[in-house]
Amino acid sequence: MTLPDASIASDRSILDRRTLRFRDPDLERAYERASFDQVRRETLAVIPISIGLWLVAGVLLPIFTPIPLGVSVPIVVFMTFVLLVAVIPARLVRTVGGTSRLIMLLNVLTASSILILASSAGQFERLAGQAIVLQSIFVVVFGRRFVLAVGLLSIEIGLVVIAAWANGLLGSYIYSLFLVVSTLAVTVGATYGLESSARTGWYQRRLIANLHAQVDRLFHQYLSPDVAAALLAEPDRAELGGELVEVSVLFVDLQGFTAYSEHTAPATVLGLLNEYFEAIVPIVFAEGGTIVQFAGDALMAIFNAPVRQLDHAIHAARAALATQAAVSRIAADDQRRPRFRAGVNTGPAVVGNVGGDQMRNFTAIGDTTNVAARLQTFAQPGQVVIGEATYIQLGSIARVHPLGIPALKGKSDSIAAYELIGLDPEPEAPSPTLAG
């Protein structure tokens, strides 16, 4: 369900002010599910408290009131039994509505029992109103449901009127009844306020959580996960500038993309790029790489920043080989489709944020990055070309084909280049042996 804009989070149109229910049925069901555990816990807490009060009443009533034992004892036993049995449905019920009906039944039985005791004592006018008022407090404290409170307290008012009429006191009880009704009306109003506040607060928290999740999702979609996590953990890392770090840089670029685009519909071209990147981005992330930019048909990723990796050259090489394999599978049925060229180089680079106050980008700057880009342009479609520093760090696990010392555009210093054919499994460390 799509939530309204934050600016109307407390708009009166969200709630039906007569019943305090959300107008949106899905929202109402979500609120009921969210509040069910609390309602059940409170119900299960009220039951033992009520049992304790009835047991105390069973001891004190014969001492301080003229209620006959033949009346007080059966009622106390009955209510104690009912409350004990009520624990079972209170635990089994799975909806707020079911719990509310249980609460209403228990409160009606309690109010009826109180009125019977007050009538038996011959002190109906003095005791009935006070007892019902105390009962109404329970509704506010533990019920906190406006519709439930209106229904329950209306029933209790009816019970008081019936009991007063049965005792022949209806005429003289009008003033006391007015006080009881007034108190119950205040109770209903308090319940209304509490539930309205609870529902509005829940809705606003839900709205904020959804907005936060949406922003977080967009944030992670536009930033590499490691960069996003680093910025959330340490916001100071968003400042302009950087630090010198040894990194392995991976560049991939589509050979023949321009020619392919000239004879292909733009929507098809965009679909091809998204299909390719959808396949290779998870590969880079799985190897711990940080994608710092997409540039048309090219991708640049760095390894060992912002999260450090001891074997970053191996991760970069594995990612390069896996991306080529993934794209080859996608393009196997159409030889006209362009293929990626990949270049990997290892060395020092300044890693950090470049840009201005309004917009900036996390990247790696330096000769290491430039060489990686040049090695990528030297590669053939489907090929991975690595620099000498990367080859040295890969060591014996690298299966390569030497390419000599190519002339790289813009580079005065010559470096050896190698076509990376594959990677052998890394040798396991020897198990320690005990000296005999």
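Computed from a prediction, not measured in an experiment: that's the story for all the values here. (Residues numbered from 1 in each chain as written. Predicted model: local features only at pLDDT ≥ 70, side-chain atom pairs only at ≥ 80, totals over all residues. Heavy atoms only, no water.)

**Q** Sorry, what's going on with the overall build of the protein here?
**A** Per the secondary structure count, the protein includes 12 helices and 10 strands. For the protein, the proportion of its 436 residues judged to be buried stands at 43%. Considering only intrachain contacts with a sequence separation of at least 6, the fraction spanning at least 24 residues in the protein is 72%. Of the accessible surface of the protein, which amounts to about 23200 Å², a share of 62% is contributed by carbon and sulfur atoms. (Helix = DSSP H or I, 4+ residues; strand = E, 2+ residues; numbered from the N terminus. Buried < 20%, exposed > 50% of the residue type's maximum accessible area, 1.4 Å probe, protein only. Contact = heavy atoms within 4.5 Å. Areas by Shrake-Rupley, 256 points an atom, 1.4 Å probe, with all protein chains shown as cover.)

**Q** Teacher, can you tell me more about the environment of Val371 here?
**A** Here Val371 shows up in helix H11 (residues 367-378). The exposure class assigned to Val371 is buried, which follows from its relative accessible area of 4%. Between the alpha carbons of Val371 and Gly347 there is a distance of 9.7 Å; along the sequence they are 24 residues apart.

**Q** Any chance you could explain the pattern of salt bridges here in plain terms?
**A** Proximity of charged atoms lets side chains of opposite charge pair with each other. This structure, assessed with the given rule, holds 10 salt bridges. Between Arg21 and Glu32 there is a salt bridge; the shortest N-O distance is 3.9 Å. Here the residue Arg21 occupies a position in strand S2 (residues 21-22), and Glu32 occupies one in helix H1 (residues 25-64), the gap between them amounting to 11 residues. The exposure class of Arg21 is partly exposed, given its relative accessible area of 37%. Taking relative accessible area as the criterion, Glu32 reaches 17% and is therefore assigned buried. The salt bridge partner of Arg341 is Asp253, with a shortest N-O separation of 2.7 Å. With Arg341 in strand S6 (residues 339-355) and Asp253 in strand S3 (residues 241-255), this residue pair connects regions lying 88 residues apart in the sequence. (Salt bridge = Lys/Arg side-chain N within 4 Å of Asp/Glu carboxyl O.)

**Q** Just to check I follow, could you spell out the pairing of strand S4 (residues 290-295) for this structure?
**A** Consecutive residues of a regular strand have side chains that alternate between opposite faces of the sheet. The pairing of S4 with strand S5 (residues 298-303) spans five bridges and is antiparallel. Across the sheet, Thr290 pairs through a bridge with Ile302, a residue of S5. Taking the residues between adjacent antiparallel strands as the criterion, S4 and S5 are bridged by two residues, where Gly296 takes a positive phi near 65 degrees. (Pairing = 2+ DSSP bridges.)

**Q** Before we go on, may I ask you to explain the pairing of S5 in this structure?
**A** Most of S5 is tucked away, with six of its six residues classed as buried. Neither face of S5 is left uncovered, since the one carrying Ala298, Met300 and Ile302 and the one carrying Leu299, Ala301 and Phe303 both have all their residues buried.

**Q** Is there a simple way to think about the nonpolar core in this case?
**A** Within soluble globular proteins, side chains that are nonpolar generally end up buried alongside one another. Ranked by internal contacts, the top residues of the largest apolar core, which has 37 residues, are Leu250, Leu299, Phe340, Leu394 and Leu420. Elements represented by at least two residues in this core include exactly S3, helix H8 (257-262), helix H9 (266-286), S5, helix H10 (312-330), S6, strand S8 (384-387) and strand S10 (417-423). When residues in this core are grouped by element, the largest group, eight residues, is from H9. Contact partners of Leu299, with chain neighbours within four places excluded, come to Leu250, Phe251, Val252, Phe277, Ile280, Val281, Ile291, Gln293 and Phe294. (Core = buried A, V, L, I, M, F, W, Y, C linked by side-chain atoms within 4.5 Å.)

**Q** What is the right way to look at the packing of helix H2 (residues 69-92) against helix H3 (residues 96-120) in this model?
**A** Look at H2 against H3: their axes get within 11 Å of each other, and the N-to-C directions meet at 175 degrees. Judged by the angle between their axes, H2 and H3 are roughly antiparallel. Contacts from Val71, Ser72, Ile75, Met79, Val82, Leu83, Ala86, Pro89 and Ala90 in H2 reach Leu102, Leu106, Leu109, Thr110, Ser113, Ile116, Leu117 and Ser120 in H3. Tallied by class, the residues present in the contact of H2 with H3 amount to 13 nonpolar, four polar and no charged. (Axes fitted to C-alpha atoms, helices over the stretch in contact; angles between N-to-C directions. Parallel < 35°, antiparallel > 145°, perpendicular 65-115°, else oblique. Nonpolar A, V, L, I, M, F, W, Y, C, P; charged D, E, K, R; others polar.)

**Q** What is the right way to look at a nonpolar patch on the surface in this model?
**A** On the surface, Val56, Val59, Leu60, Ile63 and Phe64 cluster together into a nonpolar patch covering about 520 Å² of accessible area. Position of Val56 relative to the elements: it lies in helix H1. (Patch = residues over 30% accessible without salt bridge, like charges linked within 9 Å, V, L, I, M, F, W, Y side chains within 5 Å.)

**Q** How should the packing of H1 against H2 be read in this particular structure?
**A** The relative placement of two packed helices is expressed as an angle between their axes plus a distance between the axes. Running from N to C, H1 and H2 point in directions that differ by 165 degrees, and their axes come no closer than 10 Å. For the element pair H1 / H2, the angle class is roughly antiparallel. Pair H1 / H2 crosses with left-handed handedness. Between H1, through Arg40, Thr43, Leu44, Ile47, Ser50, Ile51, Trp54, Leu55, Gly58, Leu61 and Pro62, and H2, the contact on the second element is made entirely by Leu69, Ser72, Ile75, Val76, Met79, Thr80, Leu83, Leu84, Ala86, Val87, Ala90 and Arg91. Considering only residue class, the contact of H1 with H2 consists of 16 nonpolar, five polar and two charged. (Left-handed = near helix turned anticlockwise from the far one by under 90°.)

**Q** In this structure, what is going on with unusual backbone geometry? I would like to understand it.
**A** The residue after Ala305, namely Pro306, is reached through a cis peptide bond having omega 0 degrees. Note that Pro306 resides in the loop between S5 and H10.

**Q** Can you walk me through the confidence of the model for the protein in this structure?
**A** Close inspection of predicted coordinates is inappropriate for parts of the model with low pLDDT. Looking at the protein, the pLDDT average stands at 79 and 78% of residues meet or exceed 70. Across the protein, element-level confidence peaks in S8 with a mean pLDDT of 94 and bottoms out in helix H4 (residues 124-143) with 61. Note on residues 1-11: pLDDT under 50 across the span, and 21 contacts to partners over four residues away in sequence or across chains. Confidence over residues 431-436 falls short of pLDDT 50; this stretch has zero contacts with residues more than four positions distant or in other chains. (pLDDT = per-residue confidence, 0-100.)

**Q** Where do I start with H3 in this structure?
**A** In an α-helix, one turn spans 3.6 residues; hence positions three or four apart end up facing the same way. Spanning 25 residues, H3 covers 36 Å between terminal C-alpha atoms, matching the ideal 36 Å at 1.5 Å per step. The opening residue of H3, the one whose side-chain oxygen lies 3.0 Å from the backbone nitrogen of Gly98, is Thr95. Phi for Gly122, located one or two positions after H3, is positive at around 70 degrees. (Expected span 1.5 Å × (residues − 1). Polar contact = N/O pair within 3.5 Å; in protein donor to acceptor, adjacent residues only side chain to side chain.)

**Q** How should I be thinking about H9 in this particular structure?
**A** Between its first and last C-alpha atoms H9 spans 30 Å; for 21 residues at 1.5 Å apiece the expected length is 30 Å, and the two agree. When the local axis directions of H9 are compared, the greatest deviation, roughly 25 degrees, occurs at Glu278, which is followed within four positions by the proline Pro282. Among the residues trailing H9, Gly288 stands out with phi positive, at a value near 80 degrees. (Bend = angle between axes of the 7 residues up to and from the residue.)

**Q** Whenever I open this one, the environment of Ile116 confuses me. Can you help?
**A** Along the chain, Ile116 turns up in helix H3. Look at Ile116 and you get partly exposed, because its relative accessible area is 45%. Expressed as a C-alpha distance, the spacing of Ile116 and Ile67, which sit 49 residues apart in the sequence, is 9.9 Å. For Ile116, the residues in contact, after removing those within four places along its chain, are Val71 and Ile75.

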